[in-house]
Amino acid sequence: MKYRVLMAALVFLSIGSIKAQEQEQSEEKSLYVKGNALFLPIGILNLGIEKQISPKYTLQGDVFISPWKSFAGHELQIYSVSAEGRYYFKEAFKHWYLGANISFAAYNAQKWNYWNSNAISTSDNGDSFVISNLYQRGFAIMLGVTGGYQFQLSERWNLDLYATIGTSQGFYKGYDRTTGKRYDDAEKLNKSGEIMPYRGGVMISYKFK
């Protein structure tokens, strides 16, 4: 009798598990396409796709393209790709979330703190450079944590506010734009690492399905 009860319980649990799996598989997994409204007015593209993989988890991929060889007199060419996993505290695409991000970027740009600095930098071999004339060309690998909030504007439209902070490991060569000389003293690539915010904005999202 005990075995019959046990077998009946196992069959019941198996049927329940199969039905739960079928229900989960039949649930619609939403897909949003999005664009960053913060950078678009200055000709910088930041486009992404966010796909739901479970009730509270999503995966996002995006690209960032800043094509400016010169922007207000400063180098600002940046091309990056990013992948991110997100966890929503309520449900996917609604309200607060946290994410883990990895990004890769190639750039020919001037550091923001060099823009208006007239200080003089002297290399090990005695060359002197005005800091506002210096820029960097190379690539970076970034790992960080994203925090954000999604507002549901309508059935298909969302507003996604987010920012990412983490470690950026850069490998670059530094140049003086007036002479074309390298200002850094590394023989090959210079290296730098820092903790910094490296992503953020206001994404307008449209539910594709």
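Residues numbered from 1 in each chain as written. Predicted model: local features only at pLDDT ≥ 70, side-chain atom pairs only at ≥ 80, totals over all residues. Heavy atoms only, no water.

Caption draft 1: Geometry of the overall build of the protein chain. Within the protein chain one finds one helix and ten strands. Mapped in sequence order, the helices and strands of the protein chain form the string α-β-β-β-β-β-β-β-β-β-β. Taking all 209 residues of the protein chain together, the buried fraction comes to 36%. The long-range fraction of contacts in the protein chain, counting pairs at least 24 apart against all pairs at least 6 apart in sequence, stands at 61%. (Helix = DSSP H or I, 4+ residues; strand = E, 2+ residues; numbered from the N terminus. Buried < 20%, exposed > 50% of the residue type's maximum accessible area, 1.4 Å probe, protein only. Contact = heavy atoms within 4.5 Å.)

Caption draft 2: Representation of a nonpolar patch on the surface in the model. Where nonpolar side chains cluster on the molecular surface, the patch consists of Val33, Ile49, Phe151, Leu153, Trp157, Leu161, Ile204, Tyr206 and Phe208 and spans about 810 Å² of accessible area. Positionally, leucine 153 belongs in the loop between strand 8 (134–152) and strand 9 (157–176). Overall, the relative accessible area of 53% leaves leucine 153 in the exposed class. (Patch = residues over 30% accessible without salt bridge, like charges linked within 9 Å, V, L, I, M, F, W, Y side chains within 5 Å. Areas by Shrake-Rupley, 256 points an atom, 1.4 Å probe, with all protein chains shown as cover. Salt bridge = Lys/Arg side-chain N within 4 Å of Asp/Glu carboxyl O.)

Caption draft 3: Region of the structure containing the nonpolar core. Formed by Ala105, Tyr107, Ala109, Tyr114, Phe129, Ile131, Leu134, Ala140, Met142, Tyr172, Tyr183 and Tyr198, the largest nonpolar core amounts to twelve residues. Taken together, the elements giving at least two residues each to this core come down to strand 5 (95–109) and strand 8. (Core = buried A, V, L, I, M, F, W, Y, C linked by side-chain atoms within 4.5 Å.)

Caption draft 4: How the structure looks around the pairing of strand 1 (residues 31–36). Counting buried residues in strand 1 gives five out of six residues, a clear majority hidden from the surface. Across five bridges, strand 1 lies against strand 2 (residues 45–52) in antiparallel orientation. Bridging across to strand 2, leucine 31 finds its partner in lysine 51. Relative to strand 10 (residues 190–207), strand 1 is paired through five bridges, and the arrangement is antiparallel. Considered in strand 10, the bridge of asparagine 36 is made with methionine 203. (Pairing = 2+ DSSP bridges.)

Caption draft 5: Just the sheet that holds strand 10, in detail. The eight strands lie next to each other as 1-2-3-4-5-8-9-10, forming a closed barrel whose pairing is antiparallel. Here the strands of the sheet are splayed against their neighbours by 20 degrees on average, with no regard to which way each runs. (Axes fitted to C-alpha atoms, helices over the stretch in contact; angles between N-to-C directions.)

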